[in-house]
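Given next are the chains, with one letter for each unit.
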Amino acid sequence: MEQIQGTSQPSVVINWRDPRLYQIVTLGTLLTYGLLWLKFEVSFPQIAVTIGTALLAQYAATGLVGLASFDPKSALISSLSLCLLLRTNDLTVSAAAALLAISSKFLLRRRHKHLFNPTTLALAVVLATGFGWISPGQWGQVAWFGFFIACLGSLVVTRAARADVTLAFLVCYVAFLVARALWIGDPLTIPLHQLESGALLIFAFFMISDPKTTPDSRPGRITYALCVALTACYVQFGLFRPNAPLWGLILCAPLVPLIDAWLPGPRYEWPGPSPDNRPPPPHCFRC
Amino acid sequence: MKRWLLAVLTLTTGLFLWTGEALAFCGFYVGKVDTKLFNKASEVAIARHDDKTVITMANDFTGDAKEFALVVPVPTILKKEQIHVGDAAVLAHLADYSAPRLVEYFDENPCRREELMERRSMDAMKSLAPAAASPRTRDKALGITIEAQYTVGEYDILILSAKESAGLETWLTEHDYKIPNGASPVLRSYLTQGMKFFVAKVNLGEQAKLGLTHLRPLQIAFESPKFMLPIRLGTVNADGAQELFIYLLTKQGRVETTNYRTVRLPEAQEVPLYVKDRFGVFYRDLFSQQVTREHGRGLFLEYAWDMSWCDPCAANPLSAEELRSLGVLWQEPQGRGRNGVLPQGPQVFLTRLHVRYDATHFPEDLMFQETADRANFQARYILRHAWAGTDSCAAAVTYRRQLPERYEREAQTLASMTGWNIEDIRREMHLASQGPIGDEKTWYQRLWGN
């Protein structure tokens, strides 16, 4: 034991309170379930290329930017999310999406924050260019419910710092769906059915809640979540396009610096070794 | 750290260099499934590109033409030129082209194969795998507006909008459109969403004039961002589940539903030879079994293919004229191409979906999206005839020894896919009974032999 403690490096110390560990386990379990039971149309080579490219890109960027240590957690979350959502028949597209996701964290920054959630940006670019697609209807009730419980559990277990943005988005989005159903006289089974999308849960619990892309203050985050939810509703029911929350998040991302200027707050830092940050600014606090 | 990075790098690069071997579909085509095998089946073809949509609704109505009435929610008011009467033969051709199919293979002499193996590499072997008041006043009282009224071919068509669903329901009932009880909330939902109603009846005079004995498919063309198929009116009537075949013609790739699971049917499975004589029943039971496995909630992919070819062909691909008649106009023929090269046919990808739906499992209309997936898929089942020669080389002996195992595997595959009784299958195949699937003896039964 003494020997282990003596040789441990800071970069391999595992901080069990880091919510990203729980997220990795949840996403990994879901991917396994999807592959084995739901026959997700994602191949083993695609998974390996996505995760491999993301880790390599993270490692390369760590060296290039001169970060203190390599931390694979964020890259794993981004690549697992891509594996769960992105469908393509071309391994090059999988690799390009992973590369785009990770490099965007280092290239598209403003005041030590990412401009876009990495997974969202990669998905939006692939969808817009027509090289891939998302299959939001492929989940089924059992997987959706299990995943929902796991996601809620993650909020409780990890006391996630950005649960407010997830909850605000879900409350607003669900309220809109229910209000619309009541307005047009649809039974409530329809909004419930509309919520049964695994893609929506990944979006709400893993993408919009990314502390690196959300406003710093709680009022700012709630404002931001409402903007995303309303934009998503417009894309879904006004433009009749699929993957509406994703487009809502991309369109609203440029609002974050404005919201931060209007409603400033303390900056978030991941617990433990920082994965992709340059040294934090003096006003940062650490959880 | 470096070591695992090297491993990741090697794996990632290796996967790029690795190319899966393309398996050619081959074998002799022996049969296909007729859509009429399914009760209460409707067929719809949708051609769509850049929001321009053409829907062709097949009409297999066989009763008295007087009784025929069709009510379809549509997103816009349709002009007369947007409504057309199509050719039933084209839709039938589309159904035949994309039908689930049965192919057969004949095993070759294993002795000769053994010789071949000696000469060729193992790679070559892979390719052997198979791959009352005045009408207007009354309408006003009910809040109904007849937006347009046309006679197209043998059909009288009205485009209706309404202020409220109860009025619309009353109007439809008064005009002999058999609207099931409880349709009012569904009508209301469509009306609030700004949809209009396309209603059609047969004009008996026109039908007699045209000398038609059957009803031709109705076609509507419109431009709308909504890529969907309204099915809710069909579910109001609680008279069991409805069967629907949807043929989607697009430019880019396969179409899937965004609000329900789109599931690929089991394909390329080897089944016992006796299935050849009852392929229709086999496929019907297989489909029902898959519906049950998905808890009645999925749509099933039966065919996804680039329409320029097929392998094996259940019917020839549709001609450019046939495709155009279904609404494929994204690649107009442009005469002779440069340097005398003939212009290419339209780039069309066909997706055939099959769904069994009811109100409980399908509360919402079907919403679609076109994907970039151009991978081919077909519901294809294989009959593999055993080699019947008398050679006695070592390979032939091994081949004969392995046959019972293969027959048993085919029996179990068939039982699993269709839900048929395994004992009945074995009896049909003249196989010795091995007990039901999964009925293996426990360790203590094996211990004491009881």
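Our subject in this report is the structure included herewith. (Residues numbered from 1 in each chain as written. Chains lettered and ligands numbered in written order. Predicted model: local features only at pLDDT ≥ 70, side-chain atom pairs only at ≥ 80, totals over all residues.)

## Overview of the overall build of chain A
Now for step 1: Along chain A, the regular secondary structure elements total 13 helices and four strands.
Now for step 2: Relative to its 287 residues, chain A shows a buried fraction of 50%.
Now for step 3: Contacts in chain A between residues at least 24 apart in sequence constitute 76% of all its contacts with a sequence separation of at least 6. (Helix = DSSP H or I, 4+ residues; strand = E, 2+ residues; numbered from the N terminus. Buried ≥ 20, exposed ≤ 12 C-beta atoms within 10 Å, placed from the backbone. Contact = placed C-beta atoms within 7 Å.)

## Remarks on the sheet that holds strand S11 (residues 228–229) of chain B
Residues and elements named next belong to chain B.
Now for step 1: Across the sheet, which stays open at both edges, the three strands sit in the order S11-S18-S13 with antiparallel pairing between neighbours. Of all strands in the sheet, those with a lone pairing partner are S11 and strand S13 (255–257), marking the two edges.
Now for step 2: Bridge count for S11 against strand S18 (residues 366–370) is two bridges, and the pairing is antiparallel. Opposite Met228, over in S18, you have Met367 as the bridge partner. (Pairing = 2+ DSSP bridges.)

## Some words on helix H13 (residues 255–262) of chain A
Residues and elements named next belong to chain A.
Now for step 1: Three or more residues of H13 are buried, namely Val256, Ile259 and Asp260. For H13, the angular spread of the buried residues around the axis is 100°, confining them to a single face. Away from the buried face of H13 by more than 90 degrees, exposed residues Leu258 and Ala261 are located.
Now for step 2: If you follow the buried residues of H13, they end up packed against helix H11 (218–237). (Arc of directions from axis to C-beta.)

## Description of the sheet that holds strand S8 (residues 155–162) of chain B
All names here are of chain B.
Now for step 1: Here we have four strands laid out as an open sheet, ordered S4-S9-S8-S7, and antiparallel in their pairing. The sheet is open, and its two edges are formed by strand S4 (69–74) and strand S7 (144–152), each paired on a single side. The average angle at which neighbouring strand axes cross in this sheet is 20°, direction not considered.
Now for step 2: Pairing between S8 and strand S9 (residues 196–202): six bridges, direction antiparallel. Bridging across to S9, Leu158 finds its partner in Val199.
Now for step 3: The strands that helix H6 (residues 165–174) touches are S4, S7 and S8; relative to S8, the one it contacts most, it runs at about 160°. (Axes fitted to C-alpha atoms, helices over the stretch in contact; angles between N-to-C directions.)

## Details of the interface of chain A and chain B
Now for step 1: Taken together, the contact between chain A and chain B spans 32 residues of the former and 29 residues of the latter.
Now for step 2: For the side of chain A that touches chain B, the secondary-structure elements that each account for two or more residues are helix H3 (44–65), helix H8 (163–184) and helix H9 (189–195) of chain A.
Now for step 3: Sorting elements by how many residues they give to the side of chain A that touches chain B places H3 of chain A first, with eight residues.
Now for step 4: Residues of the side of chain A that touches chain B, tallied by class, amount to 17 nonpolar, 13 polar and two charged. (Nonpolar A, V, L, I, M, F, W, Y, C, P; charged D, E, K, R; others polar.)

## Side note on the environment of Ser224 of chain B
All names here are of chain B.
Now for step 1: Along the polypeptide, Ser224 turns up in the loop between strand S10 (218–223) and S11.
Now for step 2: Given 15 C-beta atoms within 10 Å, Ser224 falls into the partly exposed group.
Now for step 3: Apart from residues lying up to four places away in sequence, Ser224 is in contact with Asp51, Thr53, Pro75 and Thr76.

## Concerning the environment of Phe203 of chain A
All names here are of chain A.
Now for step 1: Its location among the elements puts Phe203 in helix H10 (residues 198–207).
Now for step 2: Taking the C-beta count within 10 Å as the criterion, Phe203 has 31 such neighbours and is therefore assigned buried.
Now for step 3: As for Phe203 and Leu30, which are separated by 173 residues in sequence, their C-alpha atoms are 14 Å apart.

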